[in-house]
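Survey of secondary and tertiary structure
So you can see what is in the structure, the chains are spelled out below.
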Amino acid sequence: EEVADAGIPAASRRMASLSSPLRAIIRLRRRYRVQKKGRLHLQLPREKSAEIVHTRLLQRQLSLNRTGMYSPSMSFFNQTSFESSQYFTFDTSVEQYAMKKCRRKKSRRKSRMVLYPDKTKRYLPAEEKSKAKRCLFLLMAIMFFQILNAIENLDDNLQKYDLDGLEKTMHREVFGQKAAVESIVELLKDYLATHVHNKPLVISLNGPTGVGKSHVGWLLAKHFRSVMDNDFVLQYFVMHHCPSGVAPLTCEIDLSKKISDMVTRAEIEEKTPLFILDEVELMSPVLLDTLSRFFEPNQTNEFLNAIYILISNIGGGEITRFVIQNESAELLHQHRGAEELLSVVQPVLRNVHPLWKAADIIPFVLLEKTHIISCFLEQMRREGLYPDQKHIEHLANQLSYYTIGDKQYSRMGCKQVVAKVNL
């Protein structure tokens, strides 16, 4: 001990002469440094080689020896305690957690730093998250669900009205008007797909007498009464509901009341009412003005959800002349011929009244002799008579026809078939 005291430098003697609180602070500081270096030793990754660990230990010993310049006894104590100290804990996950944390920090640094050509590392600029992307994704999701809902409603409405069954019935019972039937069904499918519209559906059936216009109206009324209710279908015959002796104003009030009441009830039950107006050519201008007000688009929602079927012979003469003049050129069997026929009928109807501007016009052409024979056969089956082919041809020959080449077109259509069968 005397030899050790003799080797103590003057600086240590001066430290020994200091007060005991200062020495306590210095000891606490040294212990803190030792504990800190011990934690660094715990956090050292296991993947490090033995040489790196050995160099770290030598560096720590050198640092402790430097501190021993001030108190050799304390440095000797710290060195021996460091070499002989063992760390023990029941929680084995502490070291693993430190390793994972260290790796996570390194991975983050690698992902955010970029090595430039001049071998310098720089941080990438912080990415700013835009709120516009979130709004765009939200808008796309809303549009997707809206489209999906519209498709489901479309299927539900078409199944509710059973338009496929209506089309089969009309093709089976209406003769010689294939294009007209397809146009009517197509318009109904487009309109009845949803319950929200910007204007009512107005279909005008025009053509000469006996070609099947009234029969189509009767089939439509029968079908919609079966799928909906009798309260939402109105068949209005001008000669019956508004005879010649009744004042036009009275007929106007009566028709307006019927349409308004039915539309109101249909809106409550979310159904589309059907109005079939036959013999429109006999309507007075007052009634036509009343109808045109119901066809306007600037109305309340319940009056926009309605279907109007206008049946008249207006334009029948023009259709007859067009068919007779263009049959030899086979223009009737082409799409261009249907457009030309429509261009002939539209000006005639609009000159009668402007309400036909809001209507979809469907012309009915003349019936051939084969169609008249089919009418006789169908009527005999309804009456329960035996359909003799020779007898049917004999009855068909009693009617008058337009003869054009090798084809014959009936002048009165199937108008006289019922009377002939009954006779």
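If you're wondering where the values come from, they're calculated on a predicted model, not measured in any experiment. (Residues numbered from 1 in each chain as written. Predicted model: local features only at pLDDT ≥ 70, side-chain atom pairs only at ≥ 80, totals over all residues. Heavy atoms only, no water.)

1. Let's talk about the overall build of the protein
- Scanning the protein from N- to C-terminus turns up 19 helices and 9 strands.
- Within the protein, buried positions represent 33% of all 423 residues.
- Within the protein, counting contacts between residues at least 6 apart in sequence, those at least 24 apart form 71% of the total.
- Here the protein has roughly 27,300 Å² of accessible surface; of this, 56% comes from carbon and sulfur atoms. (Helix = DSSP H or I, 4+ residues; strand = E, 2+ residues; numbered from the N terminus. Buried < 20%, exposed > 50% of the residue type's maximum accessible area, 1.4 Å probe, protein only. Contact = heavy atoms within 4.5 Å. Areas by Shrake-Rupley, 256 points an atom, 1.4 Å probe, with all protein chains shown as cover.)

2. With respect to the pattern of salt bridges
- Enumeration over the complete set of coordinates arrives at 10 salt bridges.
- Across the pair lysine 189 and glutamate 167 runs a salt bridge whose closest N-O atoms are separated by 3.8 Å. Here the residue lysine 189 occupies a position in helix α9 (residues 178–192), and glutamate 167 occupies one in helix α8 (residues 163–173), the gap between them amounting to 22 residues.
- Ionic pairing is found between aspartate 261 and lysine 257, a salt bridge with its closest N-O pair at 3.1 Å. With aspartate 261 and lysine 257 both in helix α12 (residues 248–268) and 4 residues apart, the pair spans about one turn of that helix.
- Residue classification places aspartate 261 among the partly exposed positions, given a relative accessible area of 34%.
- Assessed through its relative accessible area of 54%, lysine 257 is described here as exposed.
- Shared partners join several salt bridges into a network, and the residues in it are Asp164, Glu167 and Lys189. (Salt bridge = Lys/Arg side-chain N within 4 Å of Asp/Glu carboxyl O.)

3. Observations concerning the state of the cysteines
- Using the criterion set out here, one finds 2 disulfides in the structure.
- The residue that forms a disulfide with cysteine 242 is cysteine 251, at a sulfur-sulfur distance of 2.0 Å. Here the disulfide of cysteine 242 and cysteine 251 is right-handed, its torsion about the S-S bond being about 90°. Accessibility assignment for this pair places cysteine 242 and cysteine 251 in one class, buried.
- For cysteine 375, the disulfide goes to cysteine 414, at an S-S distance of 2.1 Å. Taking the sign of the S-S torsion, about 70° here, the bridge from cysteine 375 to cysteine 414 comes out right-handed. Within this pair, whereas cysteine 375 is found in helix α17 (residues 369–383), its partner cysteine 414 is found in the loop between β9 (407–410) and α19 (417–422), the two being separated by 39 residues in sequence. Note on accessibility: cysteine 375 and cysteine 414 belong to one class, buried.
- Bonded cysteines in the protein are paired 1-2, 3-4 when counted in the order they occur along the chain. (Disulfide = S-S within 2.5 Å.)

4. Notes on the layout of surface pockets
- Quantified by volume, the second largest pocket comes out at close to 660 Å³.
- Looking at the second largest pocket, it is lined by 27 residues, and the ones nearest its centre are Gly210, Gly212, Ser214, His215 and Cys414.
- Broken down by secondary-structure element, the contributors of at least two residues to the lining of the second largest pocket are α10 (213–227), β6 (307–312), α17 and α19.
- Class assignment for the residues of the lining of the second largest pocket results in 11 nonpolar, 8 polar and 8 charged.
- In this structure, the lining of the second largest pocket is formed jointly by two domains, domain 1 (158–366) and domain 2 (372–422), each of which donates at least three residues. (1 Å grid on protein atoms, 1.4 Å probe; cavity = no way out; pocket = protein on both sides within 12 Å on 5 of 7 lines; lining within 4 Å. Points joined across faces, edges and corners; volume = space filled by probe spheres on them. Nonpolar A, V, L, I, M, F, W, Y, C, P; charged D, E, K, R; others polar. Domains from an automatic or database assignment.)

5. Some remarks on the sheet that holds β6
- The strand order β4-β5-β6-β3-β7 describes an open sheet built from 5 strands, whose pairing is parallel. The outermost strands of the open sheet, each flanked by one partner alone, are β4 (233–237) and β7 (360–363). Between one strand and the next, the sheet's axes are offset by a mean angle of 15°, whatever the strand orientation.
- Across 4 bridges, the pairing between strand β3 (residues 201–206) and β7 is parallel. Considered in β7, the bridge of isoleucine 203 is made with aspartate 360.
- Packing against the sheet, α12 makes contact with β4, β5 (274–278) and β6, and its axis sits at approximately 165° to β4. (Pairing = 2+ DSSP bridges. Axes fitted to C-alpha atoms, helices over the stretch in contact; angles between N-to-C directions.)

6. Examining the nonpolar core
- Formed by 47 residues in total, the largest nonpolar core has its most connected members in Met170, Leu188, Leu205, Leu220, Phe224, Ile309 and Phe376.
- A total of 7 residues in this core trace back to one element, the largest contributor, which is α9.
- When residues are assigned to domains, this core turns out to be shared by domain 1 (158–366) and domain 2 (372–422), each giving three or more.
- Formed by 37 residues, the second largest nonpolar core is a distinct cluster that contains Met283, Ala306, Val323 and Leu341. (Core = buried A, V, L, I, M, F, W, Y, C linked by side-chain atoms within 4.5 Å.)

7. As for the packing of aromatic side chains
- Scanning the model with the defined rule gives 5 aromatic pairs in all.
- Between tyrosine 161 and phenylalanine 224, the ring centres sit 6.1 Å apart and the planes meet at 50°, which makes this aromatic pair tilted. Of this pair, tyrosine 161 sits in helix α7 (residues 131–161) while phenylalanine 224 sits in helix α10, placing them 63 residues apart in sequence.
- A residue is classified by how much of its surface remains accessible, and tyrosine 161, at 2% relative accessible area, is buried.
- Measuring from ring centre to ring centre gives 5.1 Å for phenylalanine 275 and tyrosine 308, while their planes differ by 15°; the resulting arrangement is stacked. Highlighted residues: phenylalanine 275 in strand β5 and tyrosine 308 in strand β6, separated in sequence by 33 residues. The burial state of phenylalanine 275 is the same as that of tyrosine 308; both residues are buried.
- Put simply, the rings of Phe275, Phe295 and Tyr308 touch in pairs and so form one group of aromatic residues. (Phe/Tyr/Trp six-rings, centres within 6.5 Å; stacked < 30°, edge-to-face > 60°.)

8. Notes on the confidence of the model for the protein
- Residues with a pLDDT of 70 or more make up 70% of the protein, whose mean pLDDT is 78.
- Every residue in residues 1–7 scores below 50 in pLDDT, and together they form 2 contacts with partners more than four places removed in sequence or on other chains.
- Note that pLDDT drops below 50 for residues 70–88; the model gives that stretch 16 contacts with residues more than four away or on any other chain. (pLDDT = per-residue confidence, 0-100.)

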